[in-house]
Amino acid sequence: MAKYIFFTGGVVSSLGKGITAASLGRLLKARGISVSIQKLDPYINVDAGTMNPYQHGEVFVTEDGAETDLDLGHYERFIDEHLSRANNVTTGQVYRSVIDKERRGDYLGATVQVIPHITNEIKAHIKRVAEESHAEVCIVEVGGTVGDIESLPFLEAIRQIRYDVGDENVMFCHLTLMPHLGAADELKTKPTQHSVRELRGIGIQPDAIICRTGTSSPMPVELKEKIALFCDVPANAVVQNADAPTIYQVPLNLEAEGLADAAVRKLRLPTHAPQLEDWANIVERIMHPERRVTIALVGKYVELKDAYISINEALYHAGIHHSSAVDIQRIDSELVENEGIGVLRGAHGILVAPGFGARGIKGKLKAIRYARENKVPFLGICYGMQLACVEFARSVCGLSESMTREVDETTIDPIIDFMPDQRNLEVYGGTMRLGTYSCELEPDTLAAKAYGELTISERHRHRYEFNNRYRPLFEEHGMRFSGHHMVDKTTLVEMIELPADMHPWFLGTQAHPEFKSRPNRPSPLYRDFVGAALAREDRLREEIQYSATTGAN
């Protein structure tokens, strides 16, 4: 039987429950214990696919094509496991399932209520992850904050699970804010006490309390003992989760605080010494890089860090591989559009981010042209690849009116067009090419060199494809189509690139390789892109040194 660890949050949102849950998963895996992680989201959307990035951050895509909360990306990166649609449950999914059952008559005429029908459905979703993953421990994060009305059915469901599977198989971890008052120069425990009282009021007694602090200074022992006394938990199960210079430091901090040991004790798990040497080496490389490189991330949601979080992490993973810090310049594509390409001049590499719609497209096209003409390493992700094709058609192939049909439905040269089965679409949620698709790479290409093999797979999230009608013209002008996916007898373009005599490193992909990147195993395309940017940084530095030397002479 699987054991369960439930994470709840108190006082305020955005304390980092996802990172904390993922970190505990990493620590248990380091002890040889198999782990899966699930997110329970209280919003009524069926999934995150139609949600604005400004409100919810990026949409993370799983191997099986689920559009999920971004926390699943953290889970995968920390525990290095592929998750599925079962690992993200929303209120919308739960209510839809219950209503469908009621319409079919599955409840035999009973009055359908929150308890037991909604809570039973939630419990079924939770137990399904344990059954499908065969994990020894299932970590479940409940979204929102204790006291939110929309979270109550989830909290009631996890309360019931303790009685369903036995107290020895369940652990409740409560993450709360411990604010520091500057005038008094002390951490205050009262918000934590009130939050735990709220949690206990709905029948859940925490087994561990994780105190989120904005300072890295250690919590005094007497404060931990005070919280233990007032909240009825063992003192050694009160741990500090302090601000860290990198999220990858958090597992090491929580290991030092004893959170994993508390879980092992509570759940009576086998005890093994944690193997964290590789993880510590990753953190060491992050904290003490040998070099630095600047990457311009051009997109239209740059004000919100979470909108491109998987791209950020994939770039950092590539930096870890090269023992280099990656300084990401987040540049609004409308800024490029309005102020020109001068904002890009300090970058050693340019990444044009994915997105939808017409806003900011002119700035992205300018950034792509600048990268292509000035031999700046370029990586186009999804929409970034599609716009690279539009820019190439306009600037190189002479098709000055070319465009993607997403932006201009009447364009005479639709370089990017609908997939055949996407025309006249009325329902948008979950209707794109989603999840993992295979890709055949052409030999002797940048893509093949990066992956080291010719048959690969990456995750996708897009609706439009390259229009094969223009392929001969593109090839005539030097474009290489280095990756393909076959659908029946149709060849879909997956990757494009420019040959070495046209550009040192210019590549675009329909896929989102950032979703499979790991701190110990970076995405091959991001790894080689950052490597090319480092090579450009080397050349520029040598040119500056040469100019200084010759000028001095």
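Let us look at the structure shown here. (Residues numbered from 1 in each chain as written. Predicted model: local features only at pLDDT ≥ 70, side-chain atom pairs only at ≥ 80, totals over all residues. Heavy atoms only, no water.)

**Notes on the sheet that holds strand 17 (residues 414-418)**
Two orientations exist for strands paired in a sheet by backbone hydrogen bonds: parallel and antiparallel. If you walk across this open sheet you meet the 3 strands as 16-17-20, and the pairing is mixed. With partners counted over all chains shown, the strands left at the sheet margins are strand 16 (403-404) and strand 20 (464-466), one partner each. Packing of helix 15 (residues 383-395) onto the sheet brings it into contact with strand 16, strand 17 and strand 20, and relative to strand 17 it is tilted by some 145°. (Pairing = 2+ DSSP bridges. Helix = DSSP H or I, 4+ residues; strand = E, 2+ residues; numbered from the N terminus. Contact = heavy atoms within 4.5 Å. Axes fitted to C-alpha atoms, helices over the stretch in contact; angles between N-to-C directions.)

**A look at helix 6 (residues 152-165)**
In this model helix 6 runs 20 Å from its N-terminal to its C-terminal C-alpha over 14 residues, within 8% of the 20 Å that 1.5 Å per residue would give. In terms of residue burial, helix 6 counts as a mostly covered element, since 10 of its 14 residues are buried. Residues of helix 6 that are buried: Pro 153, Phe 154, Leu 155, Glu 156, Ala 157, Ile 158, Gln 160, Ile 161, Arg 162 and Val 165. (Expected span 1.5 Å × (residues − 1). Buried < 20%, exposed > 50% of the residue type's maximum accessible area, 1.4 Å probe, protein only.)

**With respect to a nonpolar patch on the surface**
Together, Tyr 95, Ile 99, Val 114 and Ile 115 make up a nonpolar patch on the protein surface, roughly 340 Å² of accessible area in all. Residue assignment for the nonpolar patch shows that the elements contributing at least two residues are helix 4 (91-104) and helix 5 (114-133). By the element assignment, Tyr 95 lies in helix 4. Judged by its relative accessible area of 32%, Tyr 95 falls in the partly exposed class. (Patch = residues over 30% accessible without salt bridge, like charges linked within 9 Å, V, L, I, M, F, W, Y side chains within 5 Å. Areas by Shrake-Rupley, 256 points an atom, 1.4 Å probe, with all protein chains shown as cover. Salt bridge = Lys/Arg side-chain N within 4 Å of Asp/Glu carboxyl O.)

**Regarding the sheet that holds strand 18 (residues 433-441)**
In spatial order, the strands read 13-12-14-15-23-22-21-18-19; together these 9 strands make up an open sheet with mixed pairing. The open sheet has two edge strands, strand 13 (324-332) and strand 19 (455-462), and neither has a second partner. Pairs of neighbouring strands in the sheet enclose a mean axial angle of 30°, with direction left out of account. With 8 bridges connecting them, strand 18 and strand 19 associate as antiparallel partners. Across the sheet, the residue bridging to Glu 440 is Thr 455, located in strand 19. Contacting strand 14 (349-352), strand 15 (378-381), strand 19, strand 22 (490-497) and strand 23 (506-509), helix 15 runs over the sheet at an angle of about 115° to strand 15.

**Some remarks on the environment of His 288**
Residue position: His 288 is located in the loop between helix 11 (277-287) and strand 12 (291-299). Along the sequence, His 288 and Ser 323 sit 35 residues apart, while their C-alpha atoms lie 8.2 Å from each other.

**Looking at the environment of His 462**
For His 462, the location among the structural elements is in strand 19. The class of His 462 is buried, set by a relative accessible area of 1%. Taking C-alpha positions, His 462 is 20 Å from His 82, a pair spaced 380 residues apart along the chain. Within the structure, the side chain of His 462 is placed 2.9 Å from the side chain of Glu 465, a separation counted as a polar contact. (Polar contact = N/O pair within 3.5 Å; in protein donor to acceptor, adjacent residues only side chain to side chain.)

**A few points about the pattern of salt bridges**
Counted by the stated rule, this structure contains 41 salt bridges. Ionic pairing is found between Asp 243 and Arg 212, a salt bridge with its closest N-O pair at 2.7 Å. Linking Asp 243 in the loop between strand 11 (238-242) and helix 9 (250-257) with Arg 212 in strand 10 (residues 208-213), this pair joins segments that are 31 residues apart in sequence. Look at Asp 243 and you get partly exposed, because its relative accessible area is 37%. The residue Asp 528 makes a salt bridge to Arg 527 at a minimum N-O spacing of 2.9 Å. Judged by relative accessible area, Asp 528 falls into the buried class, the value being 19%. Three or more residues are tied together by salt bridges with common partners; here these are Glu 63, Glu 76, Asp 80, Arg 459, Arg 518 and Arg 521.

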